[in-house]
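Residue-level structure breakdown
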Amino acid sequence: LNFPDEDSPEQRRKYLEISQSQLEHLSGLVEQILSMSMERRKGLVLHREDINLAALVDDIVEKHRMKAEKDVAFTVDIPSDFTVNADRMHLSNILNNLIDNAVKYSGEKVAIHIATDGNSLTVSDNGIGMSPLDLKHIFEKFYRAHTGNLHDVKGYGLGLYYVHSIVEKHGWNISVESEPGKGTSFTLSL
């Protein structure tokens, strides 16, 4: 609303797209909280469909490129015809959570690699990594890994709890490999 240059519709469009992306992200976070609450009261129903994973990941990556406040480089190795049977909204939220964490828990230059081998989907980063102690607890509700000198990382410890819950609801498994200073890799066994 306060954009000063009315003669730059392209710049205005970019800001509006970032705003739209942030609103979608906020909606996803609200959905996560509601889903966790619903899951306790009654079984969460997934609306599964065959999803072109490459197209979904491309959309998510583009949104993260637009809103990134750091230098983020993505590499995606997913065949263009690869499909997965999943709930689109929840799968998007899973990927958004993993990418958000990769960006938050990395230095100024972030490298994120997203790939599939046909049976699993992996999201890897070059971030600060985690200790073996943190790895044991990261999927617990409200747990936050120790971030060393990254004091400005905000969160409530619900993102990975949500990811784990929804992965299990799909009948999949999730594993994580990490080492301090050497990044983190999450693998969803589909």
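Each chain has its residues counted from 1, running along the sequence as written. Side-chain atom pairs in this predicted model are given and counted only at pLDDT of 80 or more, local residue features only at pLDDT of at least 70, and totals for whole chains, interfaces and linings cover all residues. The side-chain figures draw on all heavy atoms in the structure; neither hydrogens nor water molecules are used.

Below, the discussion takes up the overall build of the protein chain. Put simply, DSSP marks the helices as runs of H or I at least four residues long and the strands as runs of E at least two long, and each gets a number from the N terminus on. On a plain count of helices and strands, the protein chain comes out with 5 helices and 7 strands. Secondary structure elements of the protein chain occur, N-terminal to C-terminal, as α-β-α-β-β-α-β-β-α-α-β-β. Residues are treated as being in contact if the distance between any of their heavy atoms lies within 4.5 Å. Within the protein chain, contacts between residues at least 6 apart in sequence are counted, and of these 69% link residues at least 24 apart. Put simply, the protein chain shows about 11,100 Å² of open surface, and 51% of that area lies on carbon and sulfur atoms. Method for areas: the Shrake-Rupley scheme with a 1.4 Å probe, in which residue coverage is limited to the protein chains shown.

What follows is about the confidence of the model for the protein chain. Residues of the protein chain with pLDDT of at least 70 account for 85%, and the chain-wide mean is 85. Every residue is assigned a pLDDT by the predictor, reflecting its confidence on a scale from 0 to 100. Averaged pLDDT values for the elements of the protein chain fall to 73 in helix 1 (residues 9-41) and rise to 98 in strand 5 (residues 120-125).

Let us look at helix 2 (residues 53-67). Between the first and last C-alpha of helix 2 there are 21 Å, a value that for 15 residues agrees with the 21 Å anticipated at 1.5 Å per step. The buried label goes to any residue with under 20% of its type's maximum accessible area, the exposed label to any with over 50%, and the partly exposed label to all in between, with areas taken from a 1.4 Å probe on protein chains only. Among all positions of helix 2, only Leu53, Ala54, Leu56, Val57, Ile60, Val61, His64 and Lys67 are buried. The buried residues of helix 2 occupy one face: seen down the axis, they fall within an arc of 160°. By the criterion applied in these results, polar contacts are pairs of N or O atoms within 3.5 Å in which, for protein atoms, one can donate a hydrogen and the other can accept it, and in which residues neighboring in sequence qualify only through two side-chain atoms. Taking the backbone nitrogen of Ala54 as reference, a side-chain oxygen 3.1 Å away marks Asn52 as the first, capping residue of helix 2. By this rule, a helix spans an expected 1.5 Å times one less than how many residues it contains. Taking the helix axis as origin, the arc is that swept by the directions to the C-beta atoms.

A few words on the packing of aromatic side chains. Stacked, tilted and edge-to-face pairs are distinguished by plane angle, under 30 degrees for stacked and over 60 for edge-to-face with tilted covering the rest, among Phe, Tyr and Trp rings (Trp via its six-membered ring) whose centres lie within 6.5 Å. Going through the model one piece at a time under the given rule, you end up with 1 aromatic pair. Ring geometry for Phe139 and Phe186: centres 6.4 Å apart, planes at 70°, overall edge-to-face. You can see Phe139 sitting in the loop between helix 4 (132-137) and helix 5 (159-169) and its partner Phe186 sitting in strand 7 (residues 184-189), a full 47 residues away along the chain. You can call Phe186 buried: its relative accessible area is 5%.

In this section: the sheet that holds strand 4 (residues 109-116). If DSSP finds at least two bridges between two strands, the strands pair. Strands sit in the order 2-4-5-7-6 across an open sheet of 5 strands; the sheet is mixed. Of all the strands in the sheet, just strand 2 (71-77) and strand 6 (173-178) have a single pairing partner and so form its edges. Taking the axes of each pair of neighbouring strands and ignoring which way they run, one obtains an average angle of 15° across the sheet. Bridge count for strand 4 against strand 5 is 5 bridges, and the pairing is antiparallel. Looking across to strand 5, one finds that Ile112 is bridged to Asp125. Lying on the sheet, helix 2 is in contact with strand 2, strand 4 and strand 5; it crosses strand 2 at an angle near 175°. Axes here mean lines fitted to C-alpha atoms, for a helix over just the part in contact, with angles spanning 0 to 180 degrees between N-to-C directions. Running at roughly 140° to strand 6, helix 5 makes contact with strand 6 and strand 7 of the sheet.

With that out of the way, let us pick up the nonpolar core. Put simply, a nonpolar core is a bunch of buried Ala, Val, Leu, Ile, Met, Phe, Trp, Tyr and Cys residues held in one set by side-chain atoms that sit within 4.5 Å of each other. The biggest cluster of nonpolar side chains holds 41 residues, and the ones touching the most others in it are Leu91, Ile112, Ile114 and Phe186. Element by element, the count of residues in this core is highest for helix 3 (residues 88-104), at 7 residues. Setting aside its immediate chain neighbours within four residues, Leu91 contacts Ile51, Leu53, Leu56, Val84, Ala86 and Trp172.

Attention now moves to a nonpolar patch on the surface. To count toward a patch, a residue needs a relative accessible area above 30% and no salt bridge. Like charges then connect within 9 Å, nonpolar side chains (Val, Leu, Ile, Met, Phe, Trp, Tyr) within 5 Å. Within this document, salt bridges are pairs made up of a side-chain nitrogen of Lys or Arg and a carboxyl oxygen of Asp or Glu, the two lying within 4 Å of each other. A grouping of Leu23, Leu26, Leu29 and Val30 is seen on the molecular surface, where their side chains present a nonpolar patch of about 350 Å² in accessible area. Inspection of the secondary structure puts Leu23 in helix 1.

This paragraph deals with the pattern of salt bridges. Counted according to the given criterion, the structure contains 6 salt bridges. Measuring nitrogen to oxygen at the nearest pair gives 3.4 Å for the salt bridge that ties Arg88 to Glu49. Of the two residues, Arg88 is situated in helix 3 and Glu49 in strand 1 (residues 48-52); the sequence distance between them amounts to 39 residues. Measuring nitrogen to oxygen at the nearest pair gives 3.9 Å for the salt bridge that ties Arg65 to Glu62. With Arg65 and Glu62 both in helix 2 and 3 residues apart, this pair spans about one turn of that helix.

Residues of strand 6 alternate between two faces, with Ile174, Val176 and Ser178 buried on one and Asn173, Ser175 and Glu177 left unburied on the opposite face. In this sheet, strand 7 lies alongside strand 6 in antiparallel orientation, the contact comprising 6 bridges. The partner of Glu177 across the bridge, within strand 7, is Ser185.

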